[in-house]
Structure formats: structure tokens, C-alpha cells
Protein chains: 2
Amino acid sequence: MFKKVIIAEDFEEFNLAIKQTLNDFDIVNFQHAKYCDDAFLKIRKAIQDNEPYDLLISDLSFKQDHREVKIGSGDELIEKVRELQPNIKIIAYSIEDKNVRIKSLFENSEINAFVLKGRNSIEDLKKAITLISNSDQKFISPEVASALQEKGNYEIDDVDIKILKYLSAGTSQDEIIEIFKTSDIKPNSKSAMEKRLSKLKDFFKANNTIHLVSITKDMGII
Amino acid sequence: MFKKVIIAEDFEEFNLAIKQTLNDFDIVNFQHAKYCDDAFLKIRKAIQDNEPYDLLISDLSFKQDHREVKIGSGDELIEKVRELQPNIKIIAYSIEDKNVRIKSLFENSEINAFVLKGRNSIEDLKKAITLISNSDQKFISPEVASALQEKGNYEIDDVDIKILKYLSAGTSQDEIIEIFKTSDIKPNSKSAMEKRLSKLKDFFKANNTIHLVSITKDMGII
DNA sequence: TTACGGATTACGGTTTTCCATAAAATACTG
DNA sequence: CAGTATTTTATGGAAAACCGTAATCCGTAA
């Protein structure tokens, strides 16, 4: 079982629930941080002190407030932590239920478990901790387990995202082309723009551009 | 102080936190429901039994799952409850931070308090309960207090919202007109549609329709 | 009834987007 | 180097959206 745990979570309620869960496991050596930055610093300090954490439980989205932060999301935190301390076990604990993001967490950051916040999340959290503490198995909440089976990704690149963001900000296609030309972004013809949009609409099964922006907004990719 | 409380909240973690808060007030007679439908039924039954609740603490957004529901959101629940039992005190307890929705809750459903879930929500919840239990004052979490000072009422009606929703779902203007004609929604000409959209774009300062949908999505109107 | 005003609808021209095809540029291969 | 893909750009016509103006409908009041 885990000996030293760090929690990154901004909401009081979830912190409370996680603490109680850890108590049930007789884990007493844990700390929590309400900001990703704090969590990261603590993890780094623990390594320096030769008393590293062996489990990170992290939320994905953090509310912005007055404080300036370097790491603004759990995704970033997880990525950095995985890099800093490859052997730490990581549980993502979030309301996020978009397949793309969940899959990316498992593939790119090699998280050990994904627990979906919801009507049965505490139970799931317990299962996840039990499972990953003594094995290298992965845990994922059943409601979103299908995320991992998703096949085939055509990769969406930076330029795609840029286009979508400009569109959602009210920029016309022609204007975007102009912007791309002046900032020297490579494919910048009318045709290229149209082809890209067509691909995106195809990929996201969108009827038209409005629909496309709407979908990608919902998915949180813009 | 309140004698009998009902909680409508689907997440375990928040339920736990609310319960602890009520304990601090020595309120022991409370029940919670994970679905709006259940909460409504309990409130109605309590009235019939002549033992009505005197406080409702309700979340605004509820996760959808396999179960079919009549009341899908806290907004609806609150509206119906206010109608059924005008004297009940209502606390909306939500992550929602869009001014429009908060303002509408105070104005249309006359909620007594709005507590924003976040880094200090338990404290706010306590303040809200204390304040509204013995007076008719309103409470609102400071982070969103500005919502009430917003001026300029919208003349945006149901049809506007319908149009925006259809647009964001990928329906073309012509298709929407067809739908309106078959469902007998009153202004259903091409011109009317265009004029409406033009008004909306003007009002929201949107460059084009994509922008309009994007803005209204961000504001939580659709 | 008639006259007026507001709301709705109809119409026409312009712009933007959409889509298919072809030309040009670039990369890849033997 | 020639020849063949692949990618990027160009072109033109169709559809959709945009925008101003004019005609029509409809309720109200003189």
C-alpha cells in the first residue's frame, strides 16, 4: 500500500472526501495542494529530501482566481510530474468525460488510473487505489472505459487548433488566411484552408462550420 | 435555524461536505436526493404530510446517466419547488459562474442564496445558512456578487434560444425554418430568421454566426 | 370603415462559404 | 535524371448566408 501521497485538488469538498478515503486505507502521510504549482513544488522538494511521494491524486481542471500560476491544469501537472519522477503512481480524478482527453492521459502521460467524479466516485477511487498499489494494472471508471478502445486517430495539429480558435473568435476564413500569410504559417491558401476545414468537419462529424466549432468547444480542445 | 432540510446533489463528495456542515449547525433532520425528480417528490410528499421542508440546498447541473428523468437540471427543480412551496428557503450551490444564469435565479426563482463551489465554498455555505435562516436577506458568494449588478436586460426570448441551439447542433438556417413551420412556431420566414440573427449578433457584438454561437455557449445561454 | 404603426414576409443583390476539379509545386523513387 | 506520388495552390460554379428595401398582414384607434 502507498506510504506517502500528494493530492492536487482545489475544491474543499473533494479534498475532504479523498482524505476520508485515505483514512480508510490507514494512509496518514499525505498532503494536499489547492494549486498545481504548489503540488509540483512539494513533489520536487520531496525528491530532493529523498522522501519522494509514491502516489499523486490529481484533479484536471482548476479554477482560476487572482493568483498567477505557471501550471494551470492537471494535465500539465501530470505531464511534468511524470517527467520528473517516472516511477510515481498517478490517479487522475476528474469530472472530465471526453474520450480524447482521457485517452491522451493514459497514452502520453501514462497515468495509472482514471477515476470519474460522479455518483459513485468514492467507491471507484478505493478500487483504483487498491488495484494500482500492488500491481502495474490500470484502472478506469466503467462509465468511461470505452475511451480506451477508441481507435484511429487522425492527428489534429496546431494549425487546426489555431483555425478553430480564430473561427470561434469571429474571424472569417479570408481573414485567417491573411493572418497566416503575415505570420508566415505554411499552408495558407484558400484551398488549403477549405481542405483543412473539410477534413475537420469529416473527422468530427460536423454538418457545417458552426457545428464544428460547437463540437470542438464542447470537447475542450479550443 | 432550519429544522428540516432537503439536499439535491448528485456528487458524493458534495453531499458529504453538506452533511458535515449541517452537523455543525446541529441540524439532524435532513435528507438528500441524487436526482432532481427524487428531490421534488420528497418535497411534495412532505407538504402532503404536513411536515414541509424549510430549506432546499440544490446543485444546478446533474450528470445524465442511464436513468430517465423528468427534471434534468437544478434550475428547473428550483423553479418548480418555488411554485409548489413559495415560502421555502432555497440555496443554489453550484460551480456555475455565469452572471446571466445567477441573476436569473435570483430574479425569476427568487432563490435566497447562491453559493459558488470552489476553494472556500464550505465557509460560504455556512454564512449563507446563518444569514438566510433568520432574515429575508439574500446571500451570494463574493466572487460572483457582481452578477447582480449587471444591468441591461435581455430581450432574448425562447425562440432566440431555440435558434441558437439548433445552429450549434449543426442545423442550417433553412432547416430551422422548416422545423419551425412544421412545429408551428410563429415567425418562421427567412427574413424573420435573418433579422433575429442580425439582432442577436448586434446585441452580443458578434462578427458572424459562428462567433455568435461561440459567445452564447461561453455565457451558458445555450 | 379607414388610417396608422408595428410586425412579418418577400425579394434582389452582394459576400462568404462550400465543393469539385485541375494546375502547379514539391517530394519521393528507381 | 525521368517518372510518379503527394501536397499545395488556383479556378469556377453552386449553395448558403448576409443585408437593405419594399410589400403585406394585422391590431388599434380615430
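Rules used in this analysis
- Residues numbered from 1 in each chain as written.
- Chains lettered and ligands numbered in written order.
- Predicted model: local features only at pLDDT ≥ 70, side-chain atom pairs only at ≥ 80, totals over all residues.
- Heavy atoms only, no water.
- Contact = heavy atoms within 4.5 Å.
- Buried area = accessible area lost by both parts, 1.4 Å probe.
- Salt bridge = Lys/Arg side-chain N within 4 Å of Asp/Glu carboxyl O.
- Polar contact = N/O pair within 3.5 Å; in protein donor to acceptor, adjacent residues only side chain to side chain.
- Helix = DSSP H or I, 4+ residues; strand = E, 2+ residues; numbered from the N terminus.
- Nonpolar A, V, L, I, M, F, W, Y, C, P; charged D, E, K, R; others polar.
- Expected span 1.5 Å × (residues − 1).
- Buried < 20%, exposed > 50% of the residue type's maximum accessible area, 1.4 Å probe, protein only.
- Domains from an automatic or database assignment.
- Least-squares fit on C-alpha atoms with pLDDT ≥ 70 in both.
- UniProt positions renumbered as here; feature names shortened; annotations may be inferred.
- Axes fitted to C-alpha atoms, helices over the stretch in contact; angles between N-to-C directions.
- Parallel < 35°, antiparallel > 145°, perpendicular 65-115°, else oblique.
- Near = heavy atom within 4 Å.
- Core = buried A, V, L, I, M, F, W, Y, C linked by side-chain atoms within 4.5 Å.

Student: Could you give an account of the interface of chain B and chain A, naming the residues involved and the relevant values?
Tutor: Contacts between the two partners involve 38 residues from chain B and, on the opposite side, 38 residues from chain A. A per-residue breakdown of the area chain B buries against chain A is headed by E13(B), R119(B) and I210(B), which together make up 28% of the total. On inspection of chain B and its partner chain A, the count reaches 6 salt bridges. We note a salt bridge from R119(A) to D10(B), for which the minimum N-O separation is 4.0 Å. The tally of links from chain B across to chain A stands at 28 residue pairs in polar contact (both at pLDDT 80 or more). Those elements that place two or more of their residues in the side of chain B that touches chain A are helix 1 (12-24), helix 5 (121-133), helix 6 (158-168) and helix 9 (209-218) of chain B. Class assignment for the residues of the side of chain B that touches chain A results in 14 nonpolar, 13 polar and 11 charged.

Student: Summarise helix 2 (residues 36-48) of chain B; cite the residues concerned and give the values.
Tutor: All names here are of chain B. A rise of 1.5 Å per residue sets the reference length of helix 2, with its 13 residues, at 18 Å; its end C-alpha atoms lie 19 Å apart and thus fit the reference within 8%. For helix 2, the full list of buried residues reads C36, D37, A39, F40, I43 and A46. As for helix 2, its buried residues are in contact with strand 1 (5-8), strand 2 (30-33), strand 3 (55-58) and helix 3 (74-84).

Student: For the domain arrangement of chain A, give the residues involved together with the corresponding values.
Tutor: Assigned domains of chain A: these are domain 1 (5-149) and domain 2 (158-218). Relative placement of domain 1 of chain A and domain 2 of chain A: their C-alpha centres are 34 Å apart.

Student: Quick one: what's the story with the relation of the copies chain B and chain A, residue by residue and with numbers?
Tutor: The operation relating chain B to chain A is a screw motion whose rotation component is 180°, with 0.1 Å of axial translation and a residual RMSD of 1.3 Å. Expressed as a symmetry operation, the mapping of one chain copy onto the other fits a two-fold axis. Residue I210(B), judged by its C-alpha, is the member of chain B lying nearest the rotation axis, at 2.6 Å. A share of 100% of interface residues in chain B that are also interface residues in chain A marks the association as one of identical surfaces.

Student: So, the UniProt feature "domain: Response regulatory" (unreviewed entry) in chain A: which residues are in play, and what are the values?
Tutor: Taken from the UniProt record, the annotation "domain: Response regulatory" (unreviewed entry) applies to residues 4-132 of chain A. Note that residues 4-132 of chain A is 46% helix and 17% strand, and that its end C-alpha atoms are spaced 14 Å apart.

Student: Explain the packing of helix 1 (residues 12-24) of chain A against helix 1 of chain B residue by residue, including any values.
Tutor: For the pair helix 1 of chain A and helix 1 of chain B, the least separation of the axes is 8 Å and the interaxial angle reads 95°. What the angle tells us is that helix 1 of chain A and helix 1 of chain B run roughly perpendicular. Facing helix 1 of chain A, whose interface residues are E13(A), F14(A), L16(A), A17(A) and Q20(A), helix 1 of chain B presents E13(B), F14(B), L16(B), A17(B) and Q20(B). Here the contact of helix 1 of chain A with helix 1 of chain B is composed, by residue class, of 6 nonpolar, 2 polar and 2 charged.

Student: Hey, could you go over helix 9 (residues 209-218) of chain A for me, with residue numbers and the actual values?
Tutor: Among the 10 residues of helix 9 of chain A, 9 are classified as buried, and the element is accordingly described as predominantly covered. Buried within helix 9 of chain A are the following residues: T209(A), I210(A), H211(A), L212(A), V213(A), S214(A), I215(A), T216(A) and K217(A). Here the buried face of helix 9 of chain A lies against helix 6 (158-168) and helix 8 (190-203) of chain A together with helix 6 and helix 9 of chain B. Capping the start of helix 9 of chain A, N208(A) holds a side-chain oxygen 3.2 Å from the backbone nitrogen of I210(A), two or three residues further along.

Student: Just give me the short version of the environment of Y53(B), but keep the residues and values in it.
Tutor: Residue and element names in this part refer to chain B. Among the structural elements, Y53 can be located in the loop between helix 2 and strand 3. In this structure Y53 comes out as buried when scored by relative accessible area, which is 3%. A polar side-chain atom of Y53 sits 2.5 Å from a polar atom in the side chain of Q31.

Student: With reference to specific residues and values, describe the side chain of D75(B).
Tutor: When you line up the elements, D75(B) lands in helix 3. Polar side-chain contacts of D75(B) include one of 2.6 Å to the side chain of R101(B).

Student: Residue-level account of the environment of K19(A), with values.
Tutor: All names here are of chain A. Residue position: K19 is located in helix 1. When its relative accessible area of 27% is taken as the criterion, K19 is described as partly exposed. With 12 residues separating them along the chain, K19 and Q31 place their C-alpha atoms 9.3 Å apart. With near-sequence residues (within four places) excluded, K19 lies in contact with F30 and H32.

Student: Just give me the short version of the protein's contact with DNA strand C, but keep the residues and values in it.
Tutor: If you check the shell around DNA strand C, you find 14 residues, and the closest are Q173(A), E194(A), K201(A), T209(A) and S191(B). Within 4 Å of the protein, the atoms of DNA strand C are drawn from sugar and phosphate moieties in a proportion of 49%. E194(A) has a polar side-chain atom sitting 2.8 Å from a base nitrogen of DNA strand C. A distance of 3.3 Å is found between a phosphate oxygen of DNA strand C and a backbone nitrogen or oxygen belonging to N188(B). Mapped by element, the contributors of at least two residues to the surface near DNA strand C are helix 7 (173-182) and helix 8 of chain A together with helix 8 (190-203) of chain B. Residues of the surface near DNA strand C, tallied by class, amount to 2 nonpolar, 6 polar and 6 charged.

Student: Got a sec to walk through the UniProt feature "modified residue: 4-aspartylphosphate" (unreviewed entry) in chain A? Specific residues and values, please.
Tutor: Residue and element names in this part refer to chain A. Those places that UniProt annotates as "modified residue: 4-aspartylphosphate" (unreviewed entry) correspond, in this numbering, to D59. Using a relative accessible area of 4% as the deciding quantity, one classes D59 as buried. Setting aside residues no more than four positions away along its own chain, D59 makes contact with A8, E9, D10, G74, Y93, S94 and K117.

Student: Now, about the nonpolar core: what can you tell me, with residues and values included?
Tutor: Core analysis: the largest hydrophobic core is formed by 40 residues, its most contacted members being V5(A), I91(A), V5(B), L22(B) and I91(B). Aside from chain neighbours lying at most four places away, what touches I91(A) is L55(A), L56(A), I57(A), S58(A), A113(A), V115(A), L125(A), A128(A), I129(A) and I132(A).

Student: Tell me about the pattern of salt bridges, and please be specific about residues and values.
Tutor: Counting across every chain of the model gives 28 salt bridges over all chains. Two residues, K117(B) and E9(B), come together in a salt bridge whose shortest N-O distance is 2.9 Å. Remark: E9(B) occurs in the loop between strand 1 and helix 1 and K117(B) occurs in the loop between strand 5 (113-116) and helix 5; sequence separation between them is 108 residues. An identical accessibility class is assigned to K117(B) and E9(B); each is buried. Taking the shortest distance from any N to any O, the salt bridge between D24(B) and K126(B) comes out at 3.3 Å. Taken together, the residues D24(B) in helix 1 and K126(B) in helix 5 connect sequence positions 102 residues apart. On the accessibility criterion, D24(B) (52% relative accessible area) is exposed. When its relative accessible area of 25% is taken as the criterion, K126(B) is described as partly exposed. Salt bridges here are not isolated pairs; linked through shared partners, they connect E9(A), D59(A) and K117(A).

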